[in-house]
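Here is what each chain is made of, one letter per residue.
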Amino acid sequence: MRSISVVIPNYNGKHLFEKYFEHNLKILNTLGTDVQIIVIDDASTDDSVTYLQKQYGDQITLIQKKVNSGFSNTCNLGIEEAKNELIFLLNTDVTLELGYFEKLYKYFEREDTFGVMGRIIGMDDDLIREAARSPKIMGRKIKSGDFFHLGDRESFTPTFYLSGAIALMDTRKLKAINGFNEMFNPYYGEDQELSIRAWRLGWKCYYEHNAVCRHEVSASTKMHNHKRAIKKIHFRNRYYVHFLHLYGTDLLLWHIQVLLCDVLLGIFTMQFYKVEAYVDFLRNRKGLRQKKNSFNRQMKRYHSEIGIIDVIQKIHIMLKYKQVIKL
């Protein structure tokens, strides 16, 4: 059984640790392997740090940030500290069900596995919050399809992206890919973009329907910003993903589609957060180009020429002739 480093980002989550951490710690202690628990505090203003030091000081590695920066940077600090074979990203608002990890280990018997995630349901209900996703293209916009899983339990279910709330990933590959893109701070879309990079390097992301966890929906993000600001960040980061992974004519057509369907329509419908998101995207193109060029160089080192369209086609081929059950 492979060793695991658990990376837990925290911002003002003392109340969530009080509710859920003890349960997850018991699950982790049953694994019979080396478990390293890393909590990274993103400059919390509550008593998170004091609470963790007092209750779990000898069981966790606690990293304290002086400045609040967001999910990607916080997780990357934990990824750098991780020493074990696998890294498990765990949100503070999640509880794991017994046997979660045992159902995921088989995926890492394959050399090209980047990571795997389980099914996420509500904390107080069994409604699906996250499952496998297949990609689709509308015009030149890349989107995620409906939740699904495969009816054949022996099949490995591919997913377009791994949820950052409960993803188990190969440490070597995650470090090689340089973790999350910190331009996506404070949150939203960074897990999708990370997974796209993994697919484009020839690795695979999977979903295991029988590994289950529960999630207190929006418990961690609702404290940060009001709805308008959240929508702006959501759209800005979607624009980032497209700029980073589209090229040539596809990128040009995407720009035209966004200007017509998001920016102009946003003005007419008074959804000005879309306009603000696009302006933010334009301001940050220099940094995005640097990230894009850096990843292009990494693609060459890995002798990969896989584009985002190839990834979409590959996932669709993997699902062909399978019993796809939409959720």
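Computed from a prediction, not measured in an experiment: that's the story for all the values here.

Asks: Can you lay out the overall build of the chain for me, pointing to particular residues and giving the numbers?
Replies: When you go through the chain residue by residue, the secondary structure sums to 10 helices and 13 strands. Over its C-alpha trace the chain gives a radius of gyration of 20 Å, about what one expects of a compact globule, namely 20 Å for 327 residues. Across its three principal directions, the C-alpha atoms of the chain cover 55 × 45 × 40 Å. The buried share of the chain, taken over its 327 residues, is 56%. Put simply, of all contacts in the chain between residues at least 6 apart along the chain, 79% involve residues at least 24 apart. Carbon together with sulfur atoms contributes 50% to the accessible area of the chain, which is approximately 15,000 Å² in total.

Asks: Tell me about the domain arrangement of the chain, residues and numbers included.
Replies: Here the chain is partitioned into domain 1 (4-221) and domain 2 (227-302). Using C-alpha coordinates to define each centre, domain 1 is positioned 25 Å away from domain 2. The interface is formed by 24 residues belonging to domain 1 together with 28 residues belonging to domain 2. Buried surface at the junction of domain 1 and domain 2, summed over both partners, amounts to about 2,400 Å²; 61% is from carbon and sulfur atoms. Joining domain 1 to domain 2, the criterion identifies 2 salt bridges. Residue aspartate 262 is joined to lysine 141 by a salt bridge in which the shortest nitrogen-to-oxygen separation is 2.8 Å. Our count for the contact surface shared by domain 1 and domain 2 stands at 14 residue pairs in polar contact (both at pLDDT 80 or more). For the side of domain 1 that touches domain 2, the secondary-structure elements that each account for two or more residues are strand S9 (141-150) and helix H5 (190-200).

Asks: Which residues make up the nonpolar core, and what are the values?
Replies: Counting 94 residues, the largest nonpolar core has Phe88, Leu96, Phe101, Phe114 and Ile166 as its most contacted members. The element that contributes the greatest number of residues to this core is helix H6 (residues 227-245), accounting for 6 residues. In terms of domain composition, this core takes at least three residues from each of domain 1 (4-221) and domain 2 (227-302). With sequence-adjacent residues up to four places away left out, isoleucine 166 is seen in contact with Phe88, Leu89, Leu90, Val94, Leu96, Tyr100, Val116, Met117, Gly118, Ile120 and Cys213.

Asks: Explain the pattern of salt bridges residue by residue, including any values.
Replies: Per the stated rule, a full pass over the model turns up 16 salt bridges. A salt bridge links aspartate 280 to lysine 232; the nearest nitrogen and oxygen atoms lie 3.3 Å apart. Residue aspartate 280 is found in helix H8 (residues 272-283), and its partner lysine 232 is found in helix H6; the two are separated by 48 residues along the sequence. Note on lysine 232: relative accessible area 25%, which makes it partly exposed.

Asks: Break down helix H7 (residues 248-268) for me, with residues and values.
Replies: Between its first and last C-alpha, H7 extends 29 Å over 21 residues, near the 30 Å set by a 1.5 Å rise per residue. Where H7 bends most, at leucine 259, the angle is about 35°. For H7, the complete set of buried residues consists of Leu251, Trp254, His255, Gln257, Val258, Asp262, Val263 and Gly266. Where the residues of H7 are buried, they touch strand S8 (132-138), S9, H6, H8 and helix H9 (285-301). Looking one or two places after H7, you find methionine 270, whose phi comes out positive at around 65°.

Asks: Can you lay out unusual backbone geometry for me, pointing to particular residues and giving the numbers?
Replies: Here the amide bond leading from asparagine 185 into proline 186 is cis, since omega sits at 10°, within 30 degrees of zero. Despite not being glycine, tyrosine 321 shows a phi value in the positive range, around 70°. Note on placement: tyrosine 321 falls in the loop between helix H10 (308-319) and strand S13 (324-326).

Asks: Which residues make up the packing of helix H1 (residues 14-29) against helix H2 (residues 48-56), and what values do they have?
Replies: Where H1 meets H2, the closest approach of the two axes is 10 Å, and the angle between their N-to-C directions is 30°. It follows from the interaxial angle that H1 and H2 lie roughly parallel. As H1 runs across H2, the sense of the crossing is right-handed. Here Lys14, Phe17, Glu18, Phe21, Glu22 and Leu25 of H1 lie close against H2, whose contacting residues are Ser48, Tyr51, Leu52 and Tyr56. Grouping the constituent residues of the contact of H1 with H2 by class yields 6 nonpolar, 1 polar and 3 charged.

How each quantity is defined
Residues numbered from 1 in each chain as written. Predicted model: local features only at pLDDT ≥ 70, side-chain atom pairs only at ≥ 80, totals over all residues. Heavy atoms only, no water. Helix = DSSP H or I, 4+ residues; strand = E, 2+ residues; numbered from the N terminus. Rg over C-alpha atoms; globule rule 2.2 N^0.38 Å. Buried < 20%, exposed > 50% of the residue type's maximum accessible area, 1.4 Å probe, protein only. Contact = heavy atoms within 4.5 Å. Areas by Shrake-Rupley, 256 points an atom, 1.4 Å probe, with all protein chains shown as cover. Domains from an automatic or database assignment. Buried area = accessible area lost by both parts, 1.4 Å probe. Salt bridge = Lys/Arg side-chain N within 4 Å of Asp/Glu carboxyl O. Polar contact = N/O pair within 3.5 Å; in protein donor to acceptor, adjacent residues only side chain to side chain. Core = buried A, V, L, I, M, F, W, Y, C linked by side-chain atoms within 4.5 Å. Expected span 1.5 Å × (residues − 1). Bend = angle between axes of the 7 residues up to and from the residue. Axes fitted to C-alpha atoms, helices over the stretch in contact; angles between N-to-C directions. Parallel < 35°, antiparallel > 145°, perpendicular 65-115°, else oblique. Left-handed = near helix turned anticlockwise from the far one by under 90°. Nonpolar A, V, L, I, M, F, W, Y, C, P; charged D, E, K, R; others polar.

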